[in-house]
Amino acid sequence: MKFYVMTLFPEMITGGLSYSILGRAIKSGIVSVEAVNIRDFTEDKHKHVDDYPYGGGAGMVMSCEPIERTYRHLCEKRRLRSRPRVIYLTPQGRVFDQTMAKEFAQEEDLFFLCGHYEGVDERVLDAIVTDRVSIGDYVLSGGELASMVMIDAIARMVPGVLTNEESGSTESFEGNLLEYPQYTRPEVWQGQRVPEVLLSGHHAKIEEWRRQQSILRTWETRPELLDGAELSKKERKFLEEIKKNSGAEM
Ligand code: ADE
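Remember, it's a predicted structure, so these values are computed and weren't measured experimentally. The residue numbering used here restarts from 1 in each chain and proceeds along that chain's sequence as written. Local features in this predicted model are restricted to residues of pLDDT 70 or higher, and side-chain atom pairs are both shown and tallied only at a pLDDT of 80 or more, whereas totals for entire chains, interfaces and linings draw on every residue. Values reported for side chains reflect all heavy atoms of the structure, with hydrogen atoms and water molecules removed beforehand.

Draft legend 1. Spotlight on the sheet that holds strand β2 (residues 32-37). If DSSP finds at least two bridges between two strands, the strands pair. Numbered from the N terminus, helices here are DSSP runs of H or I no shorter than four residues, and strands are runs of E no shorter than two. Strand order in this open sheet of five strands is β2-β1-β6-β5-β8, and the pairing throughout is parallel. Each edge of the open sheet is held by one strand with a lone partner, namely β2 and β8 (131-134). In this sheet, neighbouring strand axes are inclined to one another by 30° on average, regardless of whether the strands run parallel or antiparallel. When checking whether two residues touch, look at their non-hydrogen atoms; a contact exists if any pair is within 4.5 Å. In this analysis, axes come from line fits to C-alpha atoms, helices being fitted only over the stretch in contact, and the angle between any two N-to-C directions falls in the range 0 to 180 degrees. In the packing of helix α3 (residues 64-78) onto the sheet, the strands contacted are β1 (2-7), β2, β5 (85-95) and β6 (109-113), and the crossing angle to β1 comes to about 160°.

This is the structure we're talking about:
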């Protein structure tokens, strides 16, 4: 899978994505990330990428021309037969989640457009963007960090990026439950013992305890996720007990 990021700060992208699991995937060639500087596609002496907003107001607006030229350059270089998916990062977009990450991971090429300043001229967005995506209800200074978040989450869904061992944690989120707590040595740390069941070697009991912990955590912090969770009869009963004990209505 190939990611192309149109940005004013390409070093931010390539630097930030060269570590850990994604860094490994890039090195092995399963995915590639190319960050292209929009400023390289300006034609004026001062390399302007933005201008004053029509109608007045604070800040500057990124201009159509350099962005469209960057986009065309990438399409021509890749000899794309069809229009690629182009994601524009904006707090006004659809909120990114694991389901979207899985869906985007089906694409062979994925483009990202990172805005800055007060925004991007709407006309170039209408011309090239296929998806407007937000990574959450807060405002960042630009789309770079948001695109990095998306690329990390999407690349993890590309076959071969995660080892078998690593892929487990994503699956559990897809089941609409948060992860259970983990422990490692020592057995006692600052007077706190590792839960006894984890030392028992009883795999079925451990599995049951972990599922219960997941349900408990999800109920405590993200109860709305439980509507989409698949629970066994026994687990439903467990959840009802938690709810009863917390005084919530059923
Ligand atoms: N750009 C600025 N804020 C953003 C957000 N929350 N998500 C995606 N892109 C952004």
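On we go from here.
Draft legend 2. A look at the nonpolar core. Core analysis: the largest hydrophobic core is formed by 34 residues, its most contacted members being F3, V31, F96, F104, F112, M150 and I154. Of all the secondary structure elements, the ones that give two or more residues to this core are β1, α2 (20-28), β2, β5, α4 (98-104), β6 and α6 (144-155). Sort the elements by how many residues they give to this core and α6 lands first, with seven residues. Setting aside residues no more than four positions away along its own chain, F112 makes contact with F3, Y4, V5, M6, I87, L89, S147, M150, I151 and I154. With 22 residues, the next largest nonpolar core counts M62, L74, F111 and V124 among its residues. What we call a nonpolar core is a set of buried Ala, Val, Leu, Ile, Met, Phe, Trp, Tyr and Cys residues that are connected through their side-chain atoms within 4.5 Å. Working definition: with a 1.4 Å probe on protein chains only, accessible area under 20% of the residue-type maximum means buried, over 50% means exposed, and in between means partly exposed.

Draft legend 3. Layout of the site of the ligand. Any residue with a heavy atom positioned within 4 Å of a molecule or strand is treated as near that molecule or strand. Around the ligand, the structure places L89, T90, P91, V133, S134, I135, G136, Y138, V139, L140, G142 and A146. Side-chain atoms alone can form a polar contact between residues adjacent in sequence; in general such a contact is a pair of N or O atoms within 3.5 Å, and within protein one must be able to donate a hydrogen while the other accepts it. The backbone of I135 places a nitrogen or oxygen atom 2.9 Å from a nitrogen atom of the ligand. The contact in question runs from a nitrogen atom of the ligand to an N or O atom on the backbone of L140, over 3.0 Å. Protein contacts shield 96% of the accessible area of the ligand, which totals 260 Å² for the unbound molecule. Breaking the shell around the ligand down by element, the ones donating at least two residues are β5 and β8. A total of three residues in the shell around the ligand trace back to one element, the largest contributor, which is β5. All residues other than Ala, Val, Leu, Ile, Met, Phe, Trp, Tyr, Cys, Pro, Asp, Glu, Lys and Arg, Gly among them, are scored as polar; the first ten of these are nonpolar and the last four charged. In terms of residue class, the shell around the ligand is built from eight nonpolar, four polar and no charged. We get accessible surface area from the Shrake-Rupley algorithm with a probe of 1.4 Å; when it comes to residues, only the shown protein chains can shield them.

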